[in-house]
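For reference, the chains in residue letters:
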Amino acid sequence: MTYHQPVLLQESVDALAIKPGGIYVDVTFGGGGHSAHILSKMQGGQLYSFDQDTDAEKQSEKLISDQFTFVKANFRYLKKYLRLYGVRQVDGILADLGVSSHQFNTAERGFSTRFDGPLDMRMDNDSPLTAREVVNTYEEEQLHKIFGLYGEVKNARTLAREIVSSRNVQAIETIADFKQAIMGCTPKGKENKYLAQVFQALRIEVNDELKALEEMLEQAVEVLKPGGRLSVISYHSLEDRLVKNYISKGKFFGEVEKDFFGNEIKPLDSVTRKPIVPSAQELQENNRSRSAKLRVAEKRETQDSSNKGRGKGDR
Ligand SMILES: C[S@@+](CC[C@H](N)C(=O)[O-])C[C@H]1O[C@@H](n2cnc3c(N)ncnc32)[C@H](O)[C@@H]1O
């Protein structure tokens with residue numbers, strides 16, 4: 001089985017407007033589809049590809065090129081790791097967020113509702129927090145918040161209560177245990193959609209996905225050269241909202257700030273008016289692409305790179 005079929009491959013890599021001798025970063029290597037395509041377009045220069053997953057690291061060993069460096073790290077440490085390699089500025093950054101098909105299709109990783117397996121869901125196999133830990137140890141109120149905010153689950157309060165009463169009888173160890181524990185609040189006829197939302201929420205919590213994305217975007221702006229490109233593919237509205245707001249307003253929440261003359265103070269300009277979505281052909285060939293949205297931005301020529309993502313009174 002292929003590790004992962006890349007989504008919006010041409011569009012997202014074309015958006016980087018690759019220059020001879022340029023330095024590029026793929027912050028989500030996965031199976032390396034985007035990285036390989038970036039390398040094929042580079043004339044000189046260097047590509048640094050990040051992934052926090054050891055399976056992706058193994059996959060990266062197949063990509064042999066002097067111009068390629070794999071970095072086994074969370075992209076929330078983008079700047080720190082680039083520094084380690086002596087890189088302070090880059091020409092383009094690509095992010096293809098979420099999990100790979102490999103992660104999703106491997107039962108033991110615990111991402112998919114289709115299999116039984118451990119309640120794991122870690123993208124970084126060395127990270128201490130698993131979905132099992134979340135489900136069995138978090139306070140009811142915390143669980144309520146996670147399912148409401150990250151899964152947009154309508155009956156999040158009932159769901160949290162059901163989990164707590166079930167784990168009080170017996171620990172919830174596996175995906176099958178978990179599905180059984182929440183059966184009473186899973187809407188009949190809408191099981192798949194509901195479980196997808198619940199699993200999404202757990203996955204986001206386990207991997208601290210939204211905070212990691214915010215931190216990566218802020219650092220992306222700091223390391224991009226003026227005129228450098230940011231190309232981000234997201235797969236759900238929570239991610240997309242952060243990317244969209246950061247590109248259009250320079251912050252994740254609230255309104256864009258303006259200077260005395262009414263000029264917007266923000267580090268990026270959007271390159272495309274609307275997000276780019278997969279073509280009908282791609283949708284037909286790759287079902288996984290159905291929720292993908294690509295947003296592309298360019299670093300402004302003059303900007304205050306100390307501008308952090310949050311405005312006054314945010315969150
Ligand atoms: C959708 S896949 C990328 C697929 C890749 N573009 C390809 O064509 O094969 C996302 C990958 O990003 C990794 N990932 C997600 N969040 C990450 C983070 N915060 N830091 C590092 N890697 C991350 C996941 O482990 C996964 O392998």
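Sequence order as written defines residue numbering, which begins from 1 separately in each chain. Confidence filtering applies because this is a predicted model: local features only for residues at pLDDT of at least 70, side-chain atom pairs given and counted only at 80 or more, and all residues used for totals across whole chains, interfaces and linings. Computation of side-chain values: all heavy atoms of the structure, hydrogens and water removed.

**What to know about the overall build of the chain**
Looking only at helices and strands, the chain has 13 helices and nine strands in total. For the radius of gyration, the atoms used are the C-alpha atoms, and the globule rule reads 2.2 Å times the number of residues raised to 0.38. Relative to its length of 315 residues, the chain is compact, with a C-alpha radius of gyration of 20 Å against a globular reference of 20 Å. Contacts are residue-level and defined by heavy atoms, with any inter-residue pair within 4.5 Å sufficient. Put simply, of all contacts in the chain between residues at least 6 apart along the chain, 66% involve residues at least 24 apart. For the accessible areas, the method is Shrake-Rupley and the probe is 1.4 Å, while residue cover comes only from the protein chains on display. Just so you have it, the chain exposes about 15200 Å², and 49% of that area is on carbon and sulfur atoms. As used throughout, the charge tally considers Lys and Arg to be positive and Asp and Glu to be negative, leaving His and the chain termini uncounted. By convention, the charge on Lys lies at NZ, on Arg at CZ, on Asp at CG and on Glu at CD. The centroid of the 45 positive side-chain charges in the chain is displaced by 4 Å from the centroid of its 45 negative side-chain charges. Put simply, DSSP H or I for four residues or longer makes a helix, DSSP E for two residues or longer makes a strand, and each gets a number counted from the N terminus.

**Concerning the packing of helix α7 (residues 140-151) against helix α8 (residues 156-169)**
Fitted lines through C-alpha atoms give the axes, limited to the stretch in contact for helices. The angle between two N-to-C directions lies from 0 to 180 degrees. With their axes 8 Å apart at the nearest point, α7 and α8 run at an angle of 135 degrees to one another. If you check the angle between α7 and α8, you find them oblique. For α7 against α8, the interelement crossing comes out right-handed. Note on element contacts: α8 touches α7 through A156, R157, L159, A160, R161, I163, V164 and R167, opposite E140, E141, L143, H144, F147 and G148. Looking at the contact of α7 with α8 residue by residue, the classes come out as seven nonpolar, two polar and five charged. Oblique is the label for any angle not covered by the other classes, which are roughly parallel (under 35 degrees), roughly antiparallel (over 145) and roughly perpendicular (65 to 115). Handedness of a helix crossing follows the sense of rotation of the near helix relative to the far helix, less than a right angle counterclockwise being left-handed and clockwise being right-handed. Note on residue categories: nonpolar means Ala, Val, Leu, Ile, Met, Phe, Trp, Tyr, Cys or Pro, charged means Asp, Glu, Lys or Arg, and polar means any other residue, Gly included.

**Focus: the packing of aromatic side chains**
Any two of the Phe, Tyr and Trp rings considered here, Trp counted by its six-membered ring, make a pair once their centres fall within 6.5 Å; the pair's planes then place it as stacked at under 30 degrees, edge-to-face at over 60, or tilted in between. Scanning all chains against the criterion turns up seven aromatic pairs. Ring centres of Y246 and F252 lie 4.7 Å apart, and the angle between their planes is 15 degrees; on these two criteria the pair is classed as stacked. Of the two residues, Y246 and F252, both sit in the buried class. Put simply, the rings of F29, F68 and F70 touch in pairs and so form one group of aromatic residues. Distance and angle both matter: a charge sits over a ring if NZ of Lys or CZ of Arg is within 6 Å of the ring centre and within 35 degrees of the ring normal. The residue whose ring lies beneath K80 is Y77, and the NZ or CZ to ring-centre distance is 5.1 Å. Buried, partly exposed and exposed residues are distinguished by accessible area as a fraction of the type maximum, computed with a 1.4 Å probe on protein chains only: under 20%, between the cut-offs, and over 50%, respectively.

**Let's talk about the site of the ligand**
Each residue is tested against the molecule or strand, and it is near if at least one of its non-hydrogen atoms lies within 4 Å. By nearness alone, 24 residues border the ligand, and G31, H34, D51, F75 and D96 come closest of all. Within the backbone of G32, one N or O atom sits 3.2 Å away from an oxygen atom of the ligand. As used in this structure description, the phrase polar contact means that two N or O atoms lie within 3.5 Å; if the pair is within protein, one of them must be able to donate a hydrogen and the other to accept it, and residues adjacent in sequence are counted only when both atoms belong to side chains. The separation between a nitrogen atom of the ligand and a polar side-chain atom of N74 is 2.9 Å. Its residues assigned to classes, the shell around the ligand shows eight nonpolar, twelve polar and four charged.

**Re the side chain of K266**
Secondary-structure assignment places K266 in the loop between β7 (264-265) and β8 (268-270). We classify K266 as buried; its relative accessible area is 9%. A distance of 3.5 Å separates a polar atom in the side chain of K266 from the backbone oxygen of I247.

**Observations concerning the UniProt feature "binding site: S-adenosyl-L-methionine" (unreviewed entry) in the chain**
Mapped onto the present numbering, the UniProt feature "binding site: S-adenosyl-L-methionine" (unreviewed entry) falls on G32, G33, H34, D51, F75, D96 and Q103. Within the secondary structure, G33 is located in helix α2 (residues 33-41). Here G33 falls in the partly exposed class, since its relative accessible area comes to 27%. When residues no more than four places from it in sequence are discounted, the contact partners of G33 are P6 and L9. For F75, the position within the fold is in the loop between β3 (68-72) and α4 (78-84). When its relative accessible area of 14% is taken as the criterion, F75 is described as buried. Discounting residues that sit within four places of it in the chain, F75 has contacts with V27, T28, F50, L97, A212, L213 and M216. UniProt positions are given in the numbering used here, feature names are shortened, and annotations may be inferred rather than shown by experiment.

**Let's talk about the domain arrangement of the chain**
When the domains of the chain are assigned, the result is domain 1 (9-101 + 209-299) and domain 2 (112-207). Domain segmentation is taken from an automatic or database assignment of domains. Its C-alpha centre places domain 1 at a distance of 29 Å from the equivalent point of domain 2. At the interface, 13 residues of domain 1 touch eleven residues of domain 2. Around 1100 Å² of area is buried between domain 1 and domain 2 when both sides are counted, 47% of it from carbon and sulfur atoms. Here's the idea: put two parts together, see how much 1.4 Å probe accessible area each one loses, and the total over both is what we call buried area. Contact with domain 2 buries surface across domain 1, with Q52, E209 and L238 losing the most and accounting together for 48% of the total. In the sections that follow, a salt bridge refers to a side-chain nitrogen of Lys or Arg positioned within 4 Å of a carboxyl oxygen of Asp or Glu. Along the contact surface separating domain 1 from domain 2 lie three salt bridges. Sorting the residues of the side of domain 1 that touches domain 2 by element identifies α11 (209-223) and α12 (237-249) as the ones contributing at least two each. Looking at the side of domain 1 that touches domain 2 element by element, the count peaks at four residues for α12.

**Focus on the environment of E298**
Within the element layout of this structure, E298 appears in strand β9 (residues 293-299). Owing to a relative accessible area of 27%, E298 belongs among the partly exposed residues under this scheme. Between the alpha carbons of E298 and V221 there is a distance of 9.4 Å; along the sequence they are 77 residues apart. Apart from residues no more than four positions distant in its own chain, E298 is found in contact with G227, G228, R229, P267, L268, D269 and V271.

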